[in-house]
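Structural characterization, general
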Amino acid sequence: MQITMLYSKIHRATVTDANLDYVGSITIDTELLEASDMRVGQKVDIVNINNGERFSTYIIPGKRGNKDICLNGAAARKVQKGDKIIIIAYALMSSEEADRFKPKIVIVDEDNSIAQKFEGLE
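Calculation criteria
Residues numbered from 1 in each chain as written. Predicted model: local features only at pLDDT ≥ 70, side-chain atom pairs only at ≥ 80, totals over all residues. Heavy atoms only, no water. Helix = DSSP H or I, 4+ residues; strand = E, 2+ residues; numbered from the N terminus. Rg over C-alpha atoms; globule rule 2.2 N^0.38 Å. Buried < 20%, exposed > 50% of the residue type's maximum accessible area, 1.4 Å probe, protein only. Contact = heavy atoms within 4.5 Å. Areas by Shrake-Rupley, 256 points an atom, 1.4 Å probe, with all protein chains shown as cover. Lys, Arg positive; Asp, Glu negative; His and termini not counted. Charge placed at Lys NZ, Arg CZ, Asp CG, Glu CD. Core = buried A, V, L, I, M, F, W, Y, C linked by side-chain atoms within 4.5 Å. Pairing = 2+ DSSP bridges. Salt bridge = Lys/Arg side-chain N within 4 Å of Asp/Glu carboxyl O. Axes fitted to C-alpha atoms, helices over the stretch in contact; angles between N-to-C directions.

Concerning the overall build of the chain
- The number of helices and strands found in the chain is two helices and nine strands.
- Put simply, the chain runs from its N terminus to its C terminus through helices and strands in the order β-β-β-α-β-β-β-β-α-β-β.
- Here the C-alpha radius of gyration of the chain, 14 Å, is about what a compact globule of 122 residues would show, namely 14 Å.
- Principal axes of the C-alpha set define a box for the chain whose edges measure 45 × 30 × 25 Å.
- Evaluated residue by residue, the chain yields a buried proportion of 48% over its 122 residues.
- Sequence separation of 24 or more characterises 77% of the internal contacts of the chain that already satisfy a separation of 6 or more.
- For the chain, the accessible surface area stands at approximately 6800 Å², while carbon and sulfur atoms represent 48% of it.
- Measuring between centres, the 16 positive side-chain charges of the chain sit 1 Å from its 18 negative side-chain charges.

Pasting the structure below:
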């Protein structure tokens with residue numbers, strides 16, 4: 001049996017832009033992708049803390065060090081610049097894998113710099 005488990009998340013990221021005139025996705029600074037172990041093209045859920053919107057999209061890489069968190073295409077209608085969001089990635093695991101796995105958690109500050117990074121939920 002496979003179950004869907006939290007793989008990693010970027011917590012309280014600040015939306016730096018919302019670009020309606022794009023094919024779609026979320027642009028994430030490459031530094032944050034590496035810290036969270038997320039991948040280009042990976043499906044993620046976005047939770048908007050400001051308005052309660054929840055939606056899914058996929059990742060495209062942003063320039064390292066720019067601190068970009070940009071929602072593109074239709075997803076741009078779900079956020080405003082300055083909104084706080086949580087970016088959540090999941091993975092399918094066996095029960096045995098899930099018992100051992102510790103998700104990567106990256107908490108960012110107001111300018112999307114890494115404030116804290118740890119593994120696990122306990």
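A look at the nonpolar core
- Membership of the largest hydrophobic core comes to 26 residues, with the highest contact counts inside it found for Ile10, Ile26, Ile28, Leu71, Ile85 and Ile87.
- Elements supplying a minimum of two residues to this core: strand 1 (2-14), strand 3 (25-29), helix 1 (30-36), strand 4 (43-48), strand 5 (54-62), strand 6 (69-72), strand 7 (84-94) and strand 8 (104-108).
- With five residues, strand 7 is the single largest residue contributor to this core.
- With near-sequence residues (within four places) excluded, Ile28 lies in contact with Ile10, Leu33, Ile59, Ile60, Pro61, Gly62, Asp68, Ile69 and Ile87.
- Listed in part, the five residues of the second largest apolar core include Val47, Ile86, Ile88 and Ile105.

Overview of the pairing of strand 7
- For strand 7, the tally of buried residues reaches nine of eleven residues, placing the bulk of the element in the interior.
- Bridge analysis of strand 1 against strand 7 gives ten bridges, and the strand direction is antiparallel. For Ala13, the partnering residue across the bridge sits in strand 7 and is Ile85.
- Across four bridges, strand 4 lies against strand 7 in antiparallel orientation. Considered in strand 7, the bridge of Asn48 is made with Ile85.

Some thoughts on the pattern of salt bridges
- Applying the stated criterion across every chain yields a total of six salt bridges.
- Among the salt bridges present, the one from Glu34 reaches Arg64, with a minimum N-O distance of 2.6 Å. Here Arg64 lies in the loop between strand 5 and strand 6 and Glu34 lies in helix 1, a separation of 30 residues in the sequence.
- The exposure class of Glu34 is partly exposed, given its relative accessible area of 48%.
- Residue Arg64 is classed as partly exposed on the basis of its relative accessible area of 46%.
- With a closest N to O distance of 3.8 Å, Asp37 and Arg39 form a salt bridge.
- Look at Asp37 and you get partly exposed, because its relative accessible area is 27%.

Section: the sheet that holds strand 1
- With mixed pairing, nine strands are arranged side by side in an open sheet as 2-6-3-5-4-7-1-8-9. Pairing within the sheet leaves two strands with one partner each, and these edge strands are strand 2 (17-19) and strand 9 (114-119). Strand-to-strand twist in this sheet, taken as the mean axis angle between neighbours without regard to direction, amounts to 30 degrees.
- Judged from the four bridges that link them, strand 3 and strand 5 form a sheet pairing that is parallel. Directly across from Ile26, in strand 5, lies its bridge partner Ile59.

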